[in-house]
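# Examination of the molecular architecture
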Amino acid sequence: MFFDHKENTIDLSLTFKHLLSKYVQTFPVSKLSRFLLDLKDKRNFSREFNNLGVKCLIPSRSEKSGNIGPVFCIVHWNAPDFLLLNIKQLERIYPNKEIYVLDNGSQKLCLEELVIALKQFKNVRLFSVRPEAKSDHTLGLQFLLNYSAMQQDEFSVFLDQDCILCRTLDDLLMKFRFQKDLLLIGARDCVIMPKQHNSSLPWKRADFLRCAPKMVHPSLMILQPKKIIELFGHNAFSPHPKAMEEARDNKQGYKPYNERYYSISSRARGHILFLETKMHNEIPLLTSYSFKDVIYAYHAWYSSRTTHLSVQGSIDGI
């Protein structure tokens with residue numbers, strides 16, 4: 001049976017509009033508005049992602065030994081010193097494992113410094129978004145997730161540039177093999193401020209640095225990229241309508257940041273293993289990530305920038 005495309009276009013359009021009008025009449029207004037907002041957010045996310053214009057600045061020069069085990073994915077922004085420290089530590093713990101770095105719009109001098117520094121590593125691939133791209137951390141995560149899945153990697157370990165591993169993650173990775181319904185392992189996005197640090201930060205409410213206990217923070221996040229893509233598609237990090245509601249669900253009544261990457265936690269809810277957080281008693285912002293009292297990493301929030309500190313908290317910008 002053949003169809004005349006031109007003749008049937010109007011009929012199909014009218015039919016769709018008729019069905020949509022019937023659907024709208026029976027759909028609660030609140031759910032409809034949420035549905036339309038969710039659709040708009042997803043379209044915006046997809047458009048922004050497609051406009052990143054990612055280029056590969058340094059291809060990997062290592063001979064890949066296979067896809068078994070972890071690869072490391074890092075979104076970088078204006079902290080080449082921290083990133084270099086991170087990669088050197090990964091070289092010690094996981095020598096020759098692939099490392100994917102996406103520079104997310106750093107200043108020109110920082111990016112140039114980064115290119116020079118990373119050329120010494122054979123297993124590092126450096127990507128960069130185009131300078132004019134409207135990007136954020138979540139878009140960078142999405143690119144690295146898709147790239148890792150395309151490479152058929154078994155595990156993707158996402159790290160912030162300032163989150164440094166202090167031991168292997170092998171026992172955590174094994175949990176994916178024994179718990180088939182496990183989708184996500186990562187740091188709980190809830191960090192309590194020790195009382196002795198309260199005066200060092202200018203925020204009005206300093207009892208929490210972060211307070212979204214049902215969400216994973218991507219400073220340390222482990223997943224199986226192919227499985228996530230199969231379940232949630234190539235826009236797995238795109239906004240989810242219930243994500244912020246779940247992020248706000250805490251006993252303290254604290255309003256967390258509106259992070260787009262909370263969507264992956266919302267989609268994986270009920271299938272997450274959380275690493276617990278604890279801020280250092282003597283060093284403000286330095287936070288450990290642990291499971292059953294075993295510390296796997298330390299995260300120096302905001303790359304130890306002084307932009308969040310009061311004037312009294314720094315001397316000559318340090």
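Structure's up top.
So, here's what we can say about the structure. Only a predicted model underlies this, so the values are computations on that prediction, with no experimental measurement involved. (Residues numbered from 1 in each chain as written. Predicted model: local features only at pLDDT ≥ 70, side-chain atom pairs only at ≥ 80, totals over all residues. Heavy atoms only, no water.)

### Things to note about the environment of K227
Put simply, the rule reads: The numbering of helices and of strands both runs from the N terminus, where a helix is a DSSP run of H or I of at least 4 residues and a strand a run of E of at least 2. Residue contacts are counted whenever heavy atoms from the two residues lie within 4.5 Å of one another.
Locating K227 in the fold gives a position in helix 7 (residues 225–232). With sequence-adjacent residues up to four places away left out, K227 is seen in contact with K180, L182 and L183.

### Overview of the packing of helix 3 (residues 80–93) against helix 4 (residues 108–118)
Let me state the cut-off plainly: To get an axis, fit a line to the C-alpha atoms, keeping to the stretch in contact for a helix; angles then go from 0 to 180 degrees between the N-to-C directions. Between 65 and 115 degrees an angle is taken as roughly perpendicular, under 35 as roughly parallel, over 145 as roughly antiparallel, and anywhere else as oblique. Put simply, a crossing is left-handed when the front helix is turned counterclockwise from the back one by less than a right angle, and right-handed when it is turned clockwise. Each residue gets one label: Ala, Val, Leu, Ile, Met, Phe, Trp, Tyr, Cys and Pro are nonpolar, Asp, Glu, Lys and Arg are charged, and the others, such as Gly, are polar.
The contact between helix 3 and helix 4 brings their axes to 10 Å, and the two run at 20 degrees. One way to sum up the angle between helix 3 and helix 4 is to call them roughly parallel. The interaxial crossing formed by helix 3 with helix 4 has right-handed handedness. Contacts from P80, L83, L84 and I87 in helix 3 reach C110, E113, L114, A117 and L118 in helix 4. Across the contact of helix 3 with helix 4, the residue classes tally to eight nonpolar, no polar and one charged.

### What about the packing of aromatic side chains?
So the rule is basically this: Whether two aromatic rings pair depends on their centres lying within 6.5 Å, for rings of Phe, Tyr and Trp, where Trp uses its six-membered ring; planes under 30 degrees apart make the pair stacked, over 60 edge-to-face, and the rest tilted. Residue burial is assigned from relative accessible area. The probe radius is 1.4 Å, only protein chains are included, and a residue is buried under 20% of its type maximum, exposed over 50%, and partly exposed in between. Consider the ring centre and the ring normal. A charge sits over the ring if Lys NZ or Arg CZ is within 6 Å of that centre and within 35 degrees of that normal.
Taken as a whole and judged by the stated rule, the model has eight aromatic pairs. Each ring, one from F127 and one from F143, has its centre 5.3 Å from the other, and the planes form 65 degrees; the classification is edge-to-face. Placement of the pair is F127 in strand 4 (residues 124–128) and F143 in helix 5 (residues 137–150), with a sequence separation of 16 residues. Exposure remark for F127: the relative accessible area of 5% places this residue in the buried category. Overall, F143 belongs to the buried group, its relative accessible area being 15%. A ring pair is formed by F155 and F176, whose centres lie 5.6 Å apart and whose planes are at 40 degrees; its orientation type is tilted. Taken together, the residues span a long stretch of sequence, with F155 in strand 5 (residues 155–160) and F176 in helix 6 (residues 170–178) at a distance of 21 residues. Like F155, the residue F176 is buried in the burial classification. Taken together, the ring pairs in this structure connect Y100, F127, F143 and Y147 into an aromatic cluster. Directly above the ring of F274 sits R188, whose terminal nitrogen or CZ lies 4.1 Å from the centroid.

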